[in-house]
Amino acid sequence: MKKALTLFVVISMMGVVWANELVWVGEKGYQKDGVEPELAYGEGQFLFKIGYMNPDGVMPKAVWAVIDTNRDGFLGNEEKFLMELVYKPQKDDEQKIFIYEYPISFSYRSDSRNDFVYFFAAEFESQTVTTPLRSGPKLKPKLGFTLSNSFWNAGGELRPGEVVTMESNDRIIVKNTGDAAEKFSIMIEKEDIWPEGWKHAQHPEEIGPNRYALSGLFTSSNYLLVEDESFNELGNEDIITTSPKEAVGNTYGVKGYSAGELLLPNQDMALWLQLILPTSSFGKYALESHDITVKLTCSGVD
């Protein structure tokens with residue numbers, strides 16, 4: 001930390017107007033700063049780029065990218081990287097600009113900050129000129145999950161109004177394959193065309209002819225059995241509809257806790273579904289099988 005503070009003090013006392021000599025190169029993505037891309041998910045390859053302009057075509061001794069690679073908010077000498085000269089101005093160039101680059105990779109880390117700061121410095125025999133401190137780039141976590149299976153056959157010929165709950169060998173194991181904690185939501189993405197086919201109910205009291213209820217629970221993957229009574233303990237909090245609903249507390253949970261509210265990287269949980277059939281079926285699809293497509297999505301947890 002002392003090194004970083006000393007470095008800032010020395011540079012600030014140079015008293016050099018940076019824009020007269022160190023300039024943004026003006027290419028796409030580099031008009032107003034010196035790094036591309038400015039944002040990446042999970043991991044990214046970043047290219048730092050700066051131009052040095054001199055009317056006489058005189059090169060600096062060295063050009064450095066000073067980047068907060070350890071992500072502590074300070075910049076020290078160990079975070080000073082020599083940049084490569086990639087373009088020398090030609091005789092007929094209107095502006096004599098040398099262009100320097102430095103590529104570097106970063107990966108998202110859950111145990112530290114993931115937004116960086118940087119500046120550029122051009123070194124001469126008697127002085128060093130710098131750009132102001134800039135923010136960037138930024139890393140956001142990569143989100144993702146896997147499912148142990150994506151199909152549930154709720155049974156063959158079932159009785160009107162019958163309650164069918166997943167057994168242990170049917171439950172779906174959801175694993176967080178991303179870089180950060182995730183929370184989950186569920187919705188019905190596709191069902192029959194009403195009124196010829198089945199339509200979801202939003203409350204158990206709405207179950208009736210061609211109206212079914214589909215509910216979900218997120219539990220620890222250690223659960224090997226979920227009782228019918230564990231669903232909708234408060235009324236209809238576990239019922240899945242065509243609008244996405246996030247897991248939180250009793251919603252998609254048992255006794256006030258839903259594993260879908262916070263799933264850490266590399267951890268897994270179990271998704272259980274329960275189907276309550278219509279009291280009767282009518283229409284041209286009455287004697288056919290019915291498919292319901294459920295969509296599971298995740299979002300990052302800060």
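Quick notes on the rules
Residues numbered from 1 in each chain as written. Predicted model: local features only at pLDDT ≥ 70, side-chain atom pairs only at ≥ 80, totals over all residues. Heavy atoms only, no water. Helix = DSSP H or I, 4+ residues; strand = E, 2+ residues; numbered from the N terminus. Rg over C-alpha atoms; globule rule 2.2 N^0.38 Å. Buried < 20%, exposed > 50% of the residue type's maximum accessible area, 1.4 Å probe, protein only. Lys, Arg positive; Asp, Glu negative; His and termini not counted. Charge placed at Lys NZ, Arg CZ, Asp CG, Glu CD. Salt bridge = Lys/Arg side-chain N within 4 Å of Asp/Glu carboxyl O. Polar contact = N/O pair within 3.5 Å; in protein donor to acceptor, adjacent residues only side chain to side chain. Phe/Tyr/Trp six-rings, centres within 6.5 Å; stacked < 30°, edge-to-face > 60°. pLDDT = per-residue confidence, 0-100. Contact = heavy atoms within 4.5 Å. 1 Å grid on protein atoms, 1.4 Å probe; cavity = no way out; pocket = protein on both sides within 12 Å on 5 of 7 lines; lining within 4 Å. Points joined across faces, edges and corners; volume = space filled by probe spheres on them. Nonpolar A, V, L, I, M, F, W, Y, C, P; charged D, E, K, R; others polar. Pairing = 2+ DSSP bridges.

### Thoughts on the overall build of the protein
Part 1 of the reasoning: Scanning the protein for helices and strands turns up one helix and 20 strands.
Part 2 of the reasoning: The C-alpha atoms of the protein give 30 Å as radius of gyration, which overshoots the globular expectation for 302 residues (19 Å, by more than 25%).
Part 3 of the reasoning: Considered along the principal axes of its C-alpha atoms, the protein spans approximately 90 × 45 × 25 Å.
Part 4 of the reasoning: In the protein, which comprises 302 residues, the share counted as buried stands at 42%.
Part 5 of the reasoning: Between the mean site of the 28 positive side-chain charges and the mean site of the 44 negative ones, the protein shows a separation of 7 Å.

### Side note on the pattern of salt bridges
Part 1 of the reasoning: Applying the stated rule across the entire model yields six salt bridges.
Part 2 of the reasoning: Residues Lys-49 and Glu-27 are paired through a salt bridge, measuring 2.8 Å at the closest nitrogen-oxygen approach. Here Lys-49 is found in strand S4 (residues 43-53), whereas its partner Glu-27 is found in the loop between strand S1 (22-23) and strand S2 (35-36), with 22 residues between them in sequence.
Part 3 of the reasoning: Taking relative accessible area as the criterion, Lys-49 reaches 7% and is therefore assigned buried.
Part 4 of the reasoning: A salt bridge links Asp-111 to Arg-109; the shortest N-O distance between them is 3.5 Å.
Part 5 of the reasoning: Asp-111 sits in the exposed class, given a relative accessible area of 64%.
Part 6 of the reasoning: Residues joined by salt bridges that share partners form a network here, namely Glu-27, Lys-49 and Glu-101.

### Digging into the side chain of Ser-215
Part 1 of the reasoning: Locating Ser-215 in the fold gives a position in strand S17 (residues 211-220).
Part 2 of the reasoning: Residue classification places Ser-215 among the buried residues on the basis of a relative accessible area of 2%.
Part 3 of the reasoning: At a separation of 3.0 Å, a polar atom in the side chain of Ser-215 contacts the side chain of Asn-232.

### Some details on the packing of aromatic side chains
Part 1 of the reasoning: On inspection of all chains with the given rule, the structure shows twelve aromatic pairs.
Part 2 of the reasoning: The interplanar angle of 20 degrees and the centroid separation of 5.1 Å between the aromatic rings of Phe-81 and Tyr-102 together place this pair among those described as stacked. Of this pair, Phe-81 sits in strand S6 (residues 80-82) while Tyr-102 sits in strand S8 (residues 97-107); the two residues are 21 residues apart in sequence, bridging distant segments of the chain.
Part 3 of the reasoning: Given the relative accessible area of 17%, Phe-81 is considered buried.

### What about the environment of Gly-144?
Part 1 of the reasoning: Note that Gly-144 resides in the loop between strand S11 (134-140) and strand S12 (145-147).
Part 2 of the reasoning: Accessibility expressed as a relative area gives 15% for Gly-144, which makes it buried.
Part 3 of the reasoning: Sequence separation between Gly-144 and Gly-178 is 34 residues; the distance between their C-alpha atoms is 4.7 Å.

### Considering unusual backbone geometry
Part 1 of the reasoning: Residue Glu-36 is joined to Pro-37 through a cis peptide bond whose omega torsion reads -10 degrees.
Part 2 of the reasoning: Turning to its location among the elements, Pro-37 is positioned in the loop between S2 and strand S3 (39-41).
Part 3 of the reasoning: That bond from Gly-136 to Pro-137 is cis: its omega, -10 degrees, falls within 30 degrees of zero.
Part 4 of the reasoning: When you line up the elements, Pro-137 lands in strand S11.
Part 5 of the reasoning: Here Arg-71, not a glycine, exhibits a phi torsion of approximately 60 degrees, which is positive.

### Details of the confidence of the model for the protein
Part 1 of the reasoning: Per-residue pLDDT for the protein has a mean of 89; in total, 93% of the residues score no lower than 70.
Part 2 of the reasoning: Segment residues 1-20: pLDDT under 50, and 24 contacts once partners within four positions in sequence are set aside and those in other chains are kept.

### Things to note about the layout of surface pockets
Over the atoms a probe the size of a water molecule is rolled, and this reveals where empty space is left.
Part 1 of the reasoning: Of the volumes computed, that of the largest pocket is approximately 1000 Å³.
Part 2 of the reasoning: Mapped onto the lining of the largest pocket, the elements with two or more residues apiece are strand S19 (268-276) and strand S20 (293-300).
Part 3 of the reasoning: Residues belonging to the lining of the largest pocket are distributed by class as follows: 20 nonpolar, nine polar and five charged.
Part 4 of the reasoning: In this structure, the second largest pocket spans a volume of roughly 230 Å³.
Part 5 of the reasoning: Lining the second largest pocket are 14 residues; nearest its centre among them are Tyr-108, Leu-139, Lys-140, Pro-141 and Asp-302.
Part 6 of the reasoning: Considering every element that reaches the lining of the second largest pocket, the biggest residue donor is S11, with three residues.
Part 7 of the reasoning: The class makeup of the residues in the lining of the second largest pocket is seven nonpolar, two polar and five charged.

### What about the sheet that holds strand S15 (residues 182-190)?
Part 1 of the reasoning: Ordered by their spatial adjacency, three strands build an open sheet running S18-S15-S20, and the pairing between neighbours is antiparallel. Of all the strands in the sheet, just strand S18 (245-246) and S20 have a single pairing partner and so form its edges.
Part 2 of the reasoning: Examined bridge by bridge, S15 and S18 share two bridges and lie antiparallel to one another. If you follow Ile-186 over to S18, its bridge partner there is Lys-245.

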